[in-house]
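# Understanding the architecture of this molecule
As a plain string of letters, each chain reads:
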Amino acid sequence: MVGLFAAALGIVVALVADIVAARRGAARVLAYGVGLLSGFAATLAAGLAAAPAEALATLGLAALAYGAWWFILLNLVQALESSLRVRLLGEIRAAGGRIRRDVLEARYSDAVLLRLRLDRLLSHGAVVERDGRLFLASRGLMLIAAFFGLLKKLLMGRRSEFEAL
Amino acid sequence: MNALVVTLLATLSGVAIHAMILRRLPARWRLIALPGLLLTAFLVTLGVTALVVSPLAFADAAAALVVTLSLGLAYAFLLVGVLYDSPTLALAKEITRHGVAGMPMAGFDDFVARHPFLRSRVTALVAAGELSDDGTELRLTGKAFHLLTVGDAYLRLRGHTSSATG
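Presented here is an overview of the structure given in this document.

Below, the discussion takes up the overall build of chain A. Of regular secondary structure, chain A possesses seven helices and three strands. Written out in order from the N terminus, the α and β elements of chain A read α-α-α-α-β-α-α-β-β-α. Compactness check: chain A gives a C-alpha radius of gyration of 21 Å against a globular reference of 15 Å for 165 residues, more than 25% above the reference. When the 165 residues of chain A are sorted by exposure, 43% land in the buried category. By sequence separation, contacts in chain A at least 24 residues apart represent 45% of the contacts at least 6 residues apart. Counting 20 positive and 12 negative side-chain charges, chain A places the averaged centre of each group 1 Å from the other.

Structural data, given as structure tokens:
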């Protein structure tokens, strides 16, 4: 149980560090990294201080709990920032809890939302356009896309939710 | 140490069984089935540990259960990215698919037509009970949107001006 308290302390430290880093102008990934490492250090320190006699077991459980909670929080924050589902819920909430389908579809057509993402990738340099053709320039994005493609193939037997089985 | 071992064994076996049966599960059961599988795996592992080694103290068993379910929830978040395409990653994959020749801009409309994200997300929200759909109007019916308030507060603390960017 000591490990869980250590992990909870670590999460609080991670959140505070993330907020401080973001407010000081750190790039998004850097702020997440600062939060992750600060929280992990706090988790280990608290685990060692509270239960030095069974340090390995306590630290192991604390590290697992901290890792899981941090990953869950990262996903929640990422979803708040860029998830289409969250955006749709926010839009309907802002419209008073109900919205006509045609109004929503006009505002969030697939063409609009995919163009928005393409423009964002182009402006960040992750995608470049040459002679009317698009090229992926970000190795990180390439790796993440390949990773999820592999997971989809392994778990679902297809590479996209829109691909017929 | 036993609590750590129980946690690892229960999580790995629960997730492995879930991954193996995932394709055979109906769409709405793919995420819902996970907590039940993890809990079953945890109880079996706890029982075997008690018989073979020694029973865990209540506090250790409770901690192991919390961490097992936490790891399961982390896996569930990863699974959402597997079950549903990310628009950005779908675009990246489509560009990569064209290899060194690059994706022609003229092919963008065809890509859009093959990826009806809005319909997919609305269907998922309706299936999860977060929205109701009478064919012409969508209504909030779930509780998840309350999380937006907490999320907005956190993003404001980080210095953002609005929650989601589309």
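Let us keep going from here.
What follows covers a positive patch on the surface. There is a patch of like positive charges on the surface, built from A:K153, A:R159, B:R23 and B:R24. The residue B:R23 is located in the loop between α1 (2-21) and α2 (29-52) in this model.

Attention now goes to helix α1 (residues 2-23) of chain A. Helix length check: α1(A) (22 residues) gives 32 Å between terminal C-alpha atoms against 32 Å at 1.5 Å per residue, within 8%. Along α1(A), the positions that sit buried rather than exposed are A:G3, A:L4, A:A6, A:A7, A:G10, A:I11, A:A14, A:A17, A:D18, A:I19, A:A21 and A:A22. Where α1(A) is buried, its residues contact α2 (28-50) and α3 (55-82) of chain A together with α3 (58-83) and α7 (146-157) of chain B. Once α1(A) ends, the next one or two residues include A:G25, with phi positive near 95 degrees.

Calculation notes
Residues numbered from 1 in each chain as written. Chains lettered and ligands numbered in written order. Predicted model: local features only at pLDDT ≥ 70, side-chain atom pairs only at ≥ 80, totals over all residues. Heavy atoms only, no water. Helix = DSSP H or I, 4+ residues; strand = E, 2+ residues; numbered from the N terminus. Rg over C-alpha atoms; globule rule 2.2 N^0.38 Å. Buried < 20%, exposed > 50% of the residue type's maximum accessible area, 1.4 Å probe, protein only. Contact = heavy atoms within 4.5 Å. Lys, Arg positive; Asp, Glu negative; His and termini not counted. Charge placed at Lys NZ, Arg CZ, Asp CG, Glu CD. Patch = residues over 30% accessible without salt bridge, like charges linked within 9 Å, V, L, I, M, F, W, Y side chains within 5 Å. Areas by Shrake-Rupley, 256 points an atom, 1.4 Å probe, with all protein chains shown as cover. Salt bridge = Lys/Arg side-chain N within 4 Å of Asp/Glu carboxyl O. Expected span 1.5 Å × (residues − 1).

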